[in-house]
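Topology and contacts: notes
Here's the letter readout for the chains.
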Amino acid sequence: MGRYCARRLLETIPLMLVISIFVFMFIHLLPGDPAQTLAGKEATVEEVEAIRAEFGLDKPLIVQYFNYMKDLFRGDMGRSLKSNTPVSELIWSRFQFTIQLVCAGLVWAPFAGIFIGVICAIKRGTFVDLIGMLLAICGLSAPGFWLGLMGIQYFSVHLGWFPVSGLDSWRSFILPSIVMGTGIMATLARYSRSSMLETLREDYVRTARAKGQREAIVMFRHAFKNSLIQVVTILGLQIGGLLSGSVITETIFSIPGMGRLLVDSIAFRDYPAIQGLLMIFAMQYVLINLVVDMLYGVINPKIRYD
């Protein structure tokens with residue numbers, strides 16, 4: 001296991017290098033001049049050129065990339081063009097709000113999704129199965145921004161139950177967590193049902209029933225545990241999507257997290273901040289996939305890593 005983890009961690013180095021190239025090129029393909037934005041519309045050509053030289057934007061792209069990677073390996077993500085503060089400090093100041101938001105969604109969504117999927121598989125073809133899958137389809141079909149706006153309009157403006165924006169109290173987490181977690185709940189419900197139904201057709205499940213074991217033991221000790229492998233894979237991808245998908249939720253609810261910072265940085269053409277945020281989002285996807293691989297061995301001891 002240890003050798004496998006070390007090898008996977010080493011494999012992330014070339015992967016992150018490739019990602020850094022694509023991120024760098026994508027950012028520099030964005031329209032607009034950050035130096036002109038920073039200097040203002042009334043700035044002279046000399047003032048714009050001075051700002052461009054100060055931040056190294058006058059150098060060839062290949063030189064800018066190597067300078068950025070050299071600083072990145074030292075833990076320096078550069079300085080924000082907008083606030084002139086270190087990007088690492090800027091991201092860290094917003095990180096806590098995004099993590100709080102993600103945790104609020106993870107408190108209920110995975111458990112609700114797996115529970116609905118398992119119950120629908122056990123009650124396949126019944127009214128319970130129909131209602132559960134209807135909820136899952138609605139959850140997958142409803143866009144996050146629509147859910148957020150409808151929630152604010154009805155529960156915040158009309159009923160006054162929850163705050164419109166911010167994360168000031170426990171009540172302010174409810175609407176954002178629903179927007180963040182609905183997609184996860186719906187996705188896991190469908191995959192849990194499908195995986196559970198596939199597992200119930202396996203020979204060892206029929207053997208357990210033939211031995212006279214109680215149905216509850218057959219369902220949860222044999223079928224449910226072995227069906228979790230596919231579900232854990234999807235859950236890992238969904239958690240990664242929560243962090244990068246916080247852009248919509250944080251924008252709608254005016255939460256000063258990493259997603260909102262990304263939107264503001266793109267609007268201002270703040271290249272260092274955009275690069276830092278996208279690299280962090282990419283890194284968390286890679287690390288989450290590594291954790292998911294490790295969980296396979298915990299869920300199913302038959303899986304061995306050589």
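Presented here is an overview of the structure given in this document. Because the structure is a prediction, the values reported are computed rather than measured. (Residues numbered from 1 in each chain as written. Predicted model: local features only at pLDDT ≥ 70, side-chain atom pairs only at ≥ 80, totals over all residues. Heavy atoms only, no water.)

1. Focus: the overall build of the chain
Looking only at helices and strands, the chain features 14 helices and zero strands. Counting helices and strands in the order they occur from the N terminus, the chain gives α-α-α-α-α-α-α-α-α-α-α-α-α-α. Projected onto the principal axes, the alpha-carbon positions of the chain cover approximately 85 × 60 × 30 Å. If you take every contact in the chain between residues at least 6 apart in sequence, the share linking residues at least 24 apart comes to 72%. Surface exposure of the chain reaches about 16800 Å², of which carbon and sulfur atoms provide 66%. (Helix = DSSP H or I, 4+ residues; strand = E, 2+ residues; numbered from the N terminus. Contact = heavy atoms within 4.5 Å. Areas by Shrake-Rupley, 256 points an atom, 1.4 Å probe, with all protein chains shown as cover.)

2. Points about the nonpolar core
Membership of the largest hydrophobic core comes to 37 residues, with the highest contact counts inside it found for Met196, Leu200 and Phe253. For this core, the secondary-structure elements that each account for two or more residues are helix H5 (87-106), helix H6 (109-122), helix H7 (127-141), helix H9 (174-200), helix H10 (203-210) and helix H11 (215-244). The leading source of residues in this core is H9, at 11 residues. Core analysis: the next-biggest nonpolar cluster, separate from the first, contains 20 residues, Met77, Ile91, Met258 and Leu262 among them. (Core = buried A, V, L, I, M, F, W, Y, C linked by side-chain atoms within 4.5 Å. Buried < 20%, exposed > 50% of the residue type's maximum accessible area, 1.4 Å probe, protein only.)

3. Overview of the layout of surface pockets
The computed volume of the largest pocket comes to approximately 460 Å³. Along the walls of the largest pocket sit 20 residues, with Phe55, Gly56, Asp71, Gly78 and Pro272 positioned nearest its centre. Those elements that place two or more of their residues in the lining of the largest pocket are helix H1 (2-28), helix H4 (61-73) and helix H14 (271-299). The dominant element in the lining of the largest pocket, judged by the number of residues it contributes, is H4, at four residues. Taken together, the residues of the lining of the largest pocket sort by class into eight nonpolar, seven polar and five charged. (1 Å grid on protein atoms, 1.4 Å probe; cavity = no way out; pocket = protein on both sides within 12 Å on 5 of 7 lines; lining within 4 Å. Points joined across faces, edges and corners; volume = space filled by probe spheres on them. Nonpolar A, V, L, I, M, F, W, Y, C, P; charged D, E, K, R; others polar.)

4. Observations concerning the pattern of salt bridges
A pair can form between side chains of opposite charge whenever their charged atoms are brought close. Enumeration over the complete set of coordinates arrives at three salt bridges. For arginine 193, the salt bridge goes to aspartate 129, with nearest N and O atoms at 2.8 Å. Note that arginine 193 is positioned in helix H9 and aspartate 129 in helix H7, a separation of 64 residues in sequence. Across the pair, exposure class does not vary: arginine 193 and aspartate 129 are buried alike. (Salt bridge = Lys/Arg side-chain N within 4 Å of Asp/Glu carboxyl O.)

5. Brief notes about a nonpolar patch on the surface
A surface patch of nonpolar side chains, amounting to about 510 Å² of accessible area, comprises Phe127, Leu130, Ile131, Leu134 and Leu135. The class for leucine 130 is exposed, based on a relative accessible area of 54%. (Patch = residues over 30% accessible without salt bridge, like charges linked within 9 Å, V, L, I, M, F, W, Y side chains within 5 Å.)

6. Some points on the packing of aromatic side chains
Under the defined criterion, the tally for this structure stands at seven aromatic pairs. Seen from their ring centres, tyrosine 65 and phenylalanine 66 are 5.7 Å apart, and the 70° between their planes marks the pair as edge-to-face. Taking the relative accessible area as the measure of exposure, tyrosine 65 reaches 11% and is therefore buried. Taking relative accessible area as the criterion, phenylalanine 66 reaches 53% and is therefore assigned exposed. A centroid spacing of 5.1 Å and a plane angle of 90° characterise the contact between tyrosine 154 and phenylalanine 155, whose relative ring orientation is edge-to-face. Looking at tyrosine 154, the relative accessible area reads 44%, which means it is partly exposed. Through pairs of rings, three or more aromatic residues link up here, namely Tyr154, Phe155, Trp161 and Phe162. (Phe/Tyr/Trp six-rings, centres within 6.5 Å; stacked < 30°, edge-to-face > 60°.)

7. Remarks on unusual backbone geometry
Positioned with a positive phi, serine 254 is a non-glycine residue whose angle comes to about 55°. Considering the arrangement of structural elements, one finds serine 254 in the loop between helix H12 (246-252) and helix H13 (258-268). For serine 254, a relative accessible area of 38% gives the class partly exposed.

8. Considerations on the side chain of serine 80
Structurally, serine 80 is set in the loop between H4 and H5. Side chain to side chain, serine 80 and aspartate 270 meet in a polar contact 2.4 Å long. (Polar contact = N/O pair within 3.5 Å; in protein donor to acceptor, adjacent residues only side chain to side chain.)

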